[in-house]
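Listed here are the chains, written in short residue letters.
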Amino acid sequence: MSTKRGGWGTRFGFYLAAIGSAFGLGNLWRFPYVVADNGGGAFVLLYIFLVFIIGTPFLIGELLLGKSTRNSVLLAMKRLAAPDSKSGQTSMGRAEALPVFRRITPVAGYLSLILCMVVLAYYAVISGWVLHFLMQFLVALFSTDSLKPEATLQVLLNNGWLQILLTSAHLVIVFIVVAKDVEEGIERWVGYMMPVFGMLLVTLAVKSLSMDSAPDAMRFLLYPDFSRLTLSSLGQALGHVLFTLSIGFGTMVTFGAYLKESAYTPLAGFRVATVDSIISMFAGIMIFPLVLASSYPISGPELLFQTVPVLFSRIPGGIWFGLGFFLCLYLASVSASIGLLETVVANLKETRKWGRTRAAARAGAVTFILAIVPALSSSTFSAVRYGNKGLLELLDSALINWLLPISALVTSQVVCYLLKDEVKRGEFLEQESATSEKMYSHWIFVLRWLATPLIVLALSLQLFDLIRN
Ligand code: PHE
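### So, the environment of N71
- Here N71 is to be found in the loop between α3 (41-69) and α4 (73-81).
- When the C-alpha positions of N71 and F255 are compared, they lie 9.6 Å apart, and in sequence the two are 184 residues distant.
- One polar contact links N71 to R79, side chain to side chain, over a distance of 2.8 Å.

The following block contains the structure:
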């Protein structure tokens with residue numbers, strides 16, 4: 001049984017893994033369809049605003065919680081909540097915090113982990129779809145029959161067993177990487193895929209920009225028409241920011257715990273948030289010209305799979321572009337899935353003292369069971385609908401737009417009010433300068449007086465919208 005805590009061999013290793021976990025289906029699959037559902041430019045603007053007002057401060061908070069406690073989210077929360085005498089070690093929590101606050105703190109840890117497992121379950125289903133298209137493009141390369149993307153998607157959606165098979169294939173791949181140690185597994189894997197990935201994304205975005213539909217797509221993506229926002233848009237933008245930056249899952253707490261002592265947490269958080277947002281915008285630039293050139297309605301989780309492959313099957317050299325695109329997407333979903341499973345494994349290792357392989361196998365098995373319902377959502381459970389949403393979209397919306405903001409909110413309150421001030425200040429003031437002192441007070445101010453009320457407002461508006469409809 002391995003009891004050693006892994007660590008990033010290099011600072012670059014941390015960035016690769018943190019960006020690899022932040023960047024995933026959220027950027028390429030979810031971002032375009034949520035933007036399309038919310039009318040384009042105005043939503044994008046809201047999203048960018050929230051990345052910096054809520055996303056970045058929260059991300060810094062989670063990294064800092066991990067780095068200062070050197071624990072994953074469950075133990076970190078427990079240590080903050082425990083008074084000095086019982087824990088046997090000095091509590092990192094402020095002694096004057098309210099007892100009721102101490103009592104609910106560990107619950108936040110459990111909530112994060114439940115989110116990790118359930119989200120990984122349906123994430124694995126969508127990753128299975130990506131895997132399926134990747135294989136179809138690969139086959140098309142060697143066969144004389146032309147690719148029929150519409151039929152490919154229909155076959156997939158109607159066949160629950162195929163989806164279960166693809167989901168399990170994905171989970172096995174993720175299990176293998178996570179069962180190895182942090183440095184060996186994640187760092188090496190992400191290190192190989194990131195450069196390939198960046199090149200593919202830029203090439204495809206440039207290709208999309210040369211299409212006739214590009215000007216309309218850019219207008220849709222960048223021109224803010226605020227009348228297209230709804231009462232739920234703030235909540236949806238918030239949920240997506242948290243999802244895409246992997247906040248509220250405890251993932252960044254785990255990654256923070258692996259950070260080197262000398263790492264400067266605020267800068268690390270800021271960089272991860274910025275790079276992730278740039279990648280999302282590239283994904284939008286790549287996808288919207290393709291989407292607008294097609295005659296399909298532009299919404300829902302199938303958006304990407306309905307439109308993009310059809311186009312690739314029509315343009316010259318499309319098979320190669322399609323192959324590149326789905327390879328890109330698959331690598332991104334593997335690295336994000338690794339982040340999700342690694343979070344659960346790190347917590348199980350710490351609290352149960354299980355070995356890495358055992359923890360990964362058990363967490364993987366539970367995730368697989370949880371994935372069965374979403375995998376059957378478009379076949380066996382296709383009749384389950386609410387409004388115009390199917391089961392998968394409902395699950396995604398309930399988790400990301402409701403539960404995730406609550407989880408992130410509680411975690412941020414713990415960092416704000418329970419984690420000792422000198423610990424937080426210490427992380428910001430590593431480099432003794434007036435600027436870092438100022439940054440610290442800005443950070444606390446934004447957390448307390450901007451981010452927290454905004455989340456409460458977003459949840460209330462959503463609730464109001466739900467009741468009204
Ligand atoms: N941020 C990932 C994405 O955008 C999803 C994710 C959430 C990954 C939480 C790890 C942890 O797809």
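### Overview of a positive patch on the surface
- There is a patch of like positive charges on the surface, built from K78, R352, R358 and R362.
- Topologically, K78 is positioned in helix α4.

### A short note on the site of the ligand
- Contacts to the ligand come from 14 residues, most closely from A22, G26, Y123, F243 and T244.
- With respect to the ligand, the backbone of A22 contributes an N or O atom lying 2.8 Å from a nitrogen atom.
- T244 is positioned with one of its backbone polar atoms (N or O) 3.0 Å from a nitrogen atom of the ligand.
- Notes on the ligand: free accessible area 320 Å², of which the protein chains cover 100%.
- Counting residues per element, the shell around the ligand draws most heavily on helix α2 (residues 25-37), at 3 residues.
- A class-by-class count of the residues in the shell around the ligand yields 7 nonpolar, 7 polar and no charged.

### Considering the pattern of salt bridges
- Enumeration over the complete set of coordinates arrives at 8 salt bridges.
- In this structure, E427 engages K67 in a salt bridge whose closest nitrogen and oxygen atoms are separated by 3.0 Å. With E427 in helix α18 (residues 421-428) and K67 in helix α3, this pair connects stretches of sequence that are 360 residues apart. Each member of the pair E427 and K67 is classed as buried.
- The residue E261 makes a salt bridge to R70 at a minimum N-O spacing of 3.1 Å. Of this pair, E261 sits in the loop between α12 (251-257) and α13 (265-293) while R70 sits in the loop between α3 and α4, and the two are 191 residues apart along the sequence.
- E261 gets classed as exposed once you look at its relative accessible area, which sits at 55%.

About the thresholds
- Residues numbered from 1 in each chain as written.
- Predicted model: local features only at pLDDT ≥ 70, side-chain atom pairs only at ≥ 80, totals over all residues.
- Heavy atoms only, no water.
- Helix = DSSP H or I, 4+ residues; strand = E, 2+ residues; numbered from the N terminus.
- Polar contact = N/O pair within 3.5 Å; in protein donor to acceptor, adjacent residues only side chain to side chain.
- Patch = residues over 30% accessible without salt bridge, like charges linked within 9 Å, V, L, I, M, F, W, Y side chains within 5 Å.
- Areas by Shrake-Rupley, 256 points an atom, 1.4 Å probe, with all protein chains shown as cover.
- Salt bridge = Lys/Arg side-chain N within 4 Å of Asp/Glu carboxyl O.
- Lys, Arg positive; Asp, Glu negative; His and termini not counted.
- Charge placed at Lys NZ, Arg CZ, Asp CG, Glu CD.
- Near = heavy atom within 4 Å.
- Nonpolar A, V, L, I, M, F, W, Y, C, P; charged D, E, K, R; others polar.
- Buried < 20%, exposed > 50% of the residue type's maximum accessible area, 1.4 Å probe, protein only.

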